[in-house]
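# Coordinate analysis (summary)
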Amino acid sequence: MTPDPLNRLVAQLAKLPGIGEKTAQRLAFHILRAPSEYATDLSQAIREVKEKVHLCTRCFSLTDTELCGFCRDGRRDDRVLCVVETFADLMALERTREFKGRYHVLHGVLSPLEGVGPDQLRIRELLERLSDSKVEEIILATNPDVEGEATSLYLMRLLKPLGLRVSRIAQGLPMGGDLEYADQATLAKALSARREL
């Protein structure tokens, strides 16, 4: 009973990750009620992101120029390189305002069950980048899951022979977490990664 254009909009919105049909309907009704300029601006923003945003030629972050803002920033430390799975992970680290080095985005993790091997990730580009750089330390900041751990282990085996310091982000209990609710693996990691006060 609803108009076909509205049904098509709901169907397209429901394809977005984390958006169910009810949320898609709410978004569609919001767009429908909004001024025409809002819909025009939204469609233009979607078109522009598809046309103009691409991968940085150095770190494979997202950019609309040849090099991203992180690679162009002369204040960043060239001696430290943080390897992340995705652009979202890079942004999460940036929000801490603690890391001042450079980044390298893999665009995934090793997952043999899903057919993702080293050739599907930006590992070759990482090794090429290291051959003519000032990097002294590489921080592996992959997620603490099976695929993230496998990817970190694989990278560590490739990078250690190059004479670089290779470190892994700490894992353990989150701030404000309760010991009684933590799983065994998290508690084990927290214990093994303890530090002296």
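Residues numbered from 1 in each chain as written. Predicted model: local features only at pLDDT ≥ 70, side-chain atom pairs only at ≥ 80, totals over all residues. Heavy atoms only, no water.

## Considering the overall build of the chain
Secondary structure assignment for the chain yields eight helices and six strands. For the chain, the succession of helices and strands along the chain, N to C, is α-α-α-β-β-α-β-α-β-α-β-α-β-α. For a compact globule of 197 residues, the expected C-alpha radius of gyration is about 16 Å, and the chain comes in at 21 Å, more than 25% above that figure. With respect to the three principal axes, the spread of C-alpha positions in the chain is 65 × 50 × 35 Å. Scored against the burial criterion, the 197 residues of the chain give a buried share of 30%. Taking all contacts inside the chain whose residues are at least 6 apart in sequence as the whole, residues at least 24 apart take part in 47%. Looking at the chain as shown, the accessible area adds up to about 13,800 Å², and 56% of this sits on carbon and sulfur atoms. Each charge class in the chain can be summarised by its mean position, and for the 28 positive and 29 negative side chains these summaries are 2 Å apart. (Helix = DSSP H or I, 4+ residues; strand = E, 2+ residues; numbered from the N terminus. Rg over C-alpha atoms; globule rule 2.2 N^0.38 Å. Buried < 20%, exposed > 50% of the residue type's maximum accessible area, 1.4 Å probe, protein only. Contact = heavy atoms within 4.5 Å. Areas by Shrake-Rupley, 256 points an atom, 1.4 Å probe, with all protein chains shown as cover. Lys, Arg positive; Asp, Glu negative; His and termini not counted. Charge placed at Lys NZ, Arg CZ, Asp CG, Glu CD.)

## Regarding helix α2 (residues 21–33)
Between its terminal C-alpha atoms α2 stretches 18 Å, which fits the 18 Å expected from 13 residues at 1.5 Å a residue. Three or more residues of α2 are buried, namely Ala 24, Ala 28 and Ile 31. Summarising the axial view, the buried residues of α2 lie within an arc of 60°, below the 170-degree limit, and thus occupy one face. Projecting away from the buried face of α2 at angles above 90 degrees are the exposed residues Lys 22, Arg 26 and Arg 33. Summarising the contacts, the buried residues of α2 are in contact with α1 (4–14) and α3 (36–52). (Expected span 1.5 Å × (residues − 1). Arc of directions from axis to C-beta.)

## Focus: the UniProt feature "zinc finger region: C4-type" (unreviewed entry) in the chain
With numbering matched to this structure, UniProt assigns "zinc finger region: C4-type" (unreviewed entry) to residues 56–71. Helix makes up 19% of residues 56–71 and strand 12%. Its end C-alpha atoms lie 8 Å apart. (UniProt positions renumbered as here; feature names shortened; annotations may be inferred.)

## What about the side chain of Thr 63?
When you line up the elements, Thr 63 lands in strand β2 (residues 62–63). On the accessibility criterion, Thr 63 (8% relative accessible area) is buried. Leave out the neighbours within four places in its chain, and Thr 63 touches Lys 52, Val 53, His 54, Leu 55, Cys 56, Cys 68 and Arg 72.

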